[in-house]
Amino acid sequence: MHQEQSDDSSEEEAAGDTEMDFLRNLFSSTLGLGSADKVLDDLTLDGVARYINSGKCKNIICMVGAGISTSAGIPDFRSPGTGLYANLQKYNLPYPEAIFQIDYFKKHPEPFFALAKELYPGQFKPTICHYFMKMLKDKGILKRCYTQNIDTLERVAGLEGEDLIEAHGTFYTSHCVSFCCRKEYNLDWMKEKIFSDDIPRCDKCSSLVKPDIVFFGENLPVRFFTSMKMDFPRCDLLIVMGTSLQVQPFASLVSRVSKSCPRLLINMERAGQADPLLGLLGFGGGMDFDSDKAYRDVAQISTCDDGCLALADLLGWKAELEELVKQEHTRIDGQDKKERSCEKKEAAAKASSASVAPEPKEEE
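As the structure is a prediction and not an experimental result, all values here were calculated from the model.

## Some points on the sheet that holds strand S2 (residues 142–147)
Logical step 1: With parallel pairing, six strands are arranged side by side in an open sheet as S3-S2-S1-S7-S8-S9. Where the open sheet ends on each side, the last strands, each with one partner, are strand S3 (164–166) and strand S9 (297–301). Taken pair by pair, the neighbouring strands of this sheet meet at an average axis angle of 15 degrees, ignoring direction.
Logical step 2: Sheet analysis places strand S7 (residues 237–241) next to strand S8 (residues 263–267), joined by four bridges and oriented parallel. In the sheet register, Val-240 faces S8, and the bridge partner there is Leu-265.
Logical step 3: Here helix H10 (residues 304–315) sits on the sheet in contact with S7, S8 and S9, set at roughly 135 degrees to S8.

## Observations concerning the pattern of salt bridges
Logical step 1: For the coordinates displayed, the defined rule picks out 14 salt bridges.
Logical step 2: Note that Asp-333 is salt-bridged to Lys-125, the shortest N-O span being 3.0 Å. With Asp-333 in helix H11 (residues 318–355) and Lys-125 in the loop between helix H4 (110–118) and helix H5 (128–138), the pair connects residues that are 208 residues apart, well separated along the chain.
Logical step 3: Asp-333 gets classed as partly exposed once you look at its relative accessible area, which sits at 36%.
Logical step 4: Judged by relative accessible area, which is 28%, Lys-125 ranks as partly exposed.
Logical step 5: Among the ionic pairs, Asp-138 bridges to Lys-134, the shortest N-O distance being 2.9 Å. Linking Asp-138 with Lys-134, this pair stays in helix H5, spanning four residues, or about one helical turn.
Logical step 6: Lys-134 gets classed as buried once you look at its relative accessible area, which sits at 17%.
Logical step 7: One network of salt bridges, with partners in common, ties together Lys-137, Glu-160 and Asp-163.

## A word on the packing of H4 against helix H7 (residues 187–195)
Angle between the axes and distance between the axes are the two parameters that describe a pair of packed helices.
Logical step 1: Two elements in contact, H4 and H7, have axes separated by 9 Å at closest approach and are oriented at 105 degrees. Classified by the angle their axes make, H4 and H7 are roughly perpendicular. Contacts from Phe-113, Ala-116 and Lys-117 in H4 reach Met-190, Ile-194 and Phe-195 in H7.
Logical step 2: Within the contact of H4 with H7, the residues separate by chemical class into five nonpolar, no polar and one charged.

The rules behind these values
- Residues numbered from 1 in each chain as written.
- Predicted model: local features only at pLDDT ≥ 70, side-chain atom pairs only at ≥ 80, totals over all residues.
- Heavy atoms only, no water.
- Pairing = 2+ DSSP bridges.
- Helix = DSSP H or I, 4+ residues; strand = E, 2+ residues; numbered from the N terminus.
- Axes fitted to C-alpha atoms, helices over the stretch in contact; angles between N-to-C directions.
- Contact = heavy atoms within 4.5 Å.
- Salt bridge = Lys/Arg side-chain N within 4 Å of Asp/Glu carboxyl O.
- Buried < 20%, exposed > 50% of the residue type's maximum accessible area, 1.4 Å probe, protein only.
- Parallel < 35°, antiparallel > 145°, perpendicular 65-115°, else oblique.
- Nonpolar A, V, L, I, M, F, W, Y, C, P; charged D, E, K, R; others polar.

Written out as C-alpha cells, the structure reads:
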C-alpha cells in the first residue's frame, strides 16, 4: 500500500527508538541496572495458565504469522515442498518473491491476481487459534493482535479493526496504484474482478488497483508504528504464534515489551532466540528458553491449534472454545450454502432470459 511521506518519518522514528533501546540495554547490562521481576512461577504452559487465571494479566498482545492459518488450508511461505514459494513455478517468475514485489507487479500483475484467486479470502474458515484470540477479546484481556497475515481470517473470527494491526496489510480494502488518484475499492468489488479473471483497473483513471497488502518495496502502514509505541510498553503477556520471526520490523516487536513481561511462543519450532553475542551486550531482546538466565520465555512446540487447545484446557476454557469453533464453522457453512444457492439462481435466471428468443416485430 502506498503511503504518504509520514510513513518515512514514522519508520525513521522507529529506527531511532531501536537505537535508544540498544543503548539502554547496553548501559543496564553493563551497570547491572534494570533487573526484571520474575512473573511466572514456572516456565511452562501451566505457569502461563496460572498467570492468566490470577487476574493480573489484563493486556495480552498476540503476534501471529502464517502458521496460524495453515490448518485452514492456506500454505505458509517458506516450508520446503509445501510452502507458497515452493509452488510458484507455474507463474514463470524470475524468482519466487517477485510475485510480491511492487515494481514487478506494476509491469506484470497477472501472476499475483492468479495467485490471489487461489488464496482469496472467504474460501477458508478461521482456525482454533483464531477463535482462541476471539475468546481473549471476549474475556476482556486482549490488548491487540498484530498479524503478518493478509487472509483476513482474524476479522472473520470476530476481531474488529480496533483489535487488529494488520502489519503487512489486508485484502479487506484496495486502492488505485496511481499516486494522483488513490481511489478506494471494497472487498466485494475486488472479488468480482479476480473471479471473472479481469485485471482490476480503476473506474476513474484506468490504472491498476491493488489490494492493500504490503509488497516488498512498500512501507508498512503508519498505524503499525504508532500503535506499537503505545501497546508494547503496557503489555503484560506476549503470545507469539505461527511465525518464524525472520521478517523485520515485525520480528523486533518481541523486544518492545518490558523486561518483566512473560512471552509465550506457540510454534512448530523455536524462533526468535537471542543472538549469543548480542545477548552478552544485553541487546537483542530475543527469546531465551534454556539458559541459566531464562526467567520469562516459554516455548510450546506444537501446531498453533494444539497449543491453543492445550492452553485453553489448562485455563478451563477448552469446552467453551470447541463449542465456539463448532458454532462459527456451522454458521459460515450455512452462509456459504446460501450464497451458492443465490448464485445458482442468478445464473439460471440469466441463462433462461438469454435462451428466450425475442418476438419478431409485426410488419405494418
